[in-house]
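So you can see what is in the structure, the chains are spelled out below.
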Amino acid sequence: YNTPTRLAVLIREICNSVISQAMKYISGPEVFNMIASEEAQECYEKLDRTLQVCNAFKDTYVLYRDVAAAQGGDGWKMKNDALFVRLDAFRERCRDALDFTRTVIQFSKLERIDIGGTKGRS
């Protein structure tokens, strides 16, 4: 994998593997089932952990790309957009689900609030 083309294929395959494992960890239907069964906090934690793993993979790539460039040579001359298209789309969907779950958690807190009149609870 000493050519940019081969390295690009390898990075895309790793991205696909990360996405596949994340889908096994928490799938779309599982998100809604957990929310429906009032396990929104656990769902939030799983989605957050999934995003952390995806972000860590991309950050690690950037770190080692910079290390390779600092050592001289050609470096890794590839566009990040081409490498991480699918992973970025997956991360965006995870962020959307995370925002939705956060909203559900906030609204579930609202149902427990007692609102009194001007003289307190009646």
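Fair warning: this is a prediction, and the values are worked out from it, not measured in the lab.

**What about the nonpolar core?**
Counting 26 residues, the largest nonpolar core has Ile11, Cys43, Leu83, Phe84 and Leu87 as the members making the most contacts within it. Secondary-structure elements contributing two or more residues to this core are α1 (4–25), α2 (28–36), α3 (40–70) and α5 (85–110). Ignoring any residue separated from it by four or fewer positions in sequence, one finds Cys43 in contact with Ile26, Val31, Met34, Ile35 and Thr101.

**Section: the packing of aromatic side chains**
In the structure shown here, the tally under the stated rule is 3 aromatic pairs. Ring centres 5.9 Å apart and planes at 55 degrees place the aromatic pair Phe32 and Phe100 in the tilted group. Pair noted here: Phe32 is in helix α2 and Phe100 is in helix α5, with a separation of 68 residues, a long-range link. A relative accessible area of 39% places Phe100 in the partly exposed class. Chaining the aromatic ring pairs together yields one cluster made of Phe57, Tyr61 and Phe84. A cation sits over an aromatic face here: Lys46 above Tyr25, 5.2 Å from the ring centre.

**Examining the environment of Pro4**
Secondary-structure assignment places Pro4 in helix α1. What makes Pro4 partly exposed here is its relative accessible area of 41%. Residues Pro4 and Trp76 lie 72 residues apart in sequence; the distance between their C-alpha atoms is 6.5 Å. Excluding its chain neighbours within four sequence positions, the residues that come into contact with Pro4 are Lys77 and Met78.

Criteria and thresholds
Residues numbered from 1 in each chain as written. Predicted model: local features only at pLDDT ≥ 70, side-chain atom pairs only at ≥ 80, totals over all residues. Heavy atoms only, no water. Core = buried A, V, L, I, M, F, W, Y, C linked by side-chain atoms within 4.5 Å. Buried < 20%, exposed > 50% of the residue type's maximum accessible area, 1.4 Å probe, protein only. Helix = DSSP H or I, 4+ residues; strand = E, 2+ residues; numbered from the N terminus. Contact = heavy atoms within 4.5 Å. Phe/Tyr/Trp six-rings, centres within 6.5 Å; stacked < 30°, edge-to-face > 60°. Lys NZ or Arg CZ within 6 Å of the ring centre and 35° of its normal.

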